[in-house]
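Here's the letter readout for the chains.
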Amino acid sequence: MKIEIVVDPARPAPPASLVSRVAPAPSAAAAAPEARGGRPAARGARRGRGGRGRKGNERPQKSVADLDAEMEDYTASSIVAPTAA
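Report on the accompanying structure. (Residues numbered from 1 in each chain as written. Predicted model: local features only at pLDDT ≥ 70, side-chain atom pairs only at ≥ 80, totals over all residues. Heavy atoms only, no water.)

Within the protein, the regular secondary structure consists of 4 helices and 0 strands. Helices (α) and strands (β) of the protein occur, in sequence order from the N terminus, as α-α-α-α. Every one of the 85 residues in the protein was classed for burial, and the buried ones make up 2%. (Helix = DSSP H or I, 4+ residues; strand = E, 2+ residues; numbered from the N terminus. Buried < 20%, exposed > 50% of the residue type's maximum accessible area, 1.4 Å probe, protein only.)

This is how it looks when you write it as structure tokens:
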């Protein structure tokens, strides 16, 4: 896929970057913890469903020889032998 971006040098650059337009206002983020009783943000920030993380893969990783053997078994079982009529 090729993406070509064409920029007109006569037009001025956009006034603000995407990050500054998407990010929340810093004054609103700083005022929220103060309104909840004055506790620091780090103390009450971890609530809800977060914090458990993802469980690791319990199966051992297969070797190249194991994968090749499985592929040979699969292709051998999918080939149907011609039947004599």
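A few words now on the environment of aspartate 66. Position of aspartate 66 relative to the elements: it lies in helix 4 (residues 64–78). Aspartate 66 sits in the partly exposed class, given a relative accessible area of 41%. A polar contact is formed between the side chain of aspartate 66 and the side chain of serine 63, at a distance of 3.2 Å. (Polar contact = N/O pair within 3.5 Å; in protein donor to acceptor, adjacent residues only side chain to side chain.)

Here the focus is the pattern of salt bridges. Counted under the stated rule, the structure contains 1 salt bridge. Two residues, lysine 62 and glutamate 70, come together in a salt bridge whose shortest N-O distance is 2.6 Å. Of the residues examined, glutamate 70 reaches a relative accessible area of 39% and is grouped as partly exposed. (Salt bridge = Lys/Arg side-chain N within 4 Å of Asp/Glu carboxyl O.)

Right, let's get into a nonpolar patch on the surface. Side chains of Met1, Ile3, Ile5 and Val7 sit close together on the surface and give an oily, nonpolar patch of about 610 Å² of accessible area. Note on placement: methionine 1 falls in the segment before helix 1 (18–22). (Patch = residues over 30% accessible without salt bridge, like charges linked within 9 Å, V, L, I, M, F, W, Y side chains within 5 Å. Areas by Shrake-Rupley, 256 points an atom, 1.4 Å probe, with all protein chains shown as cover.)

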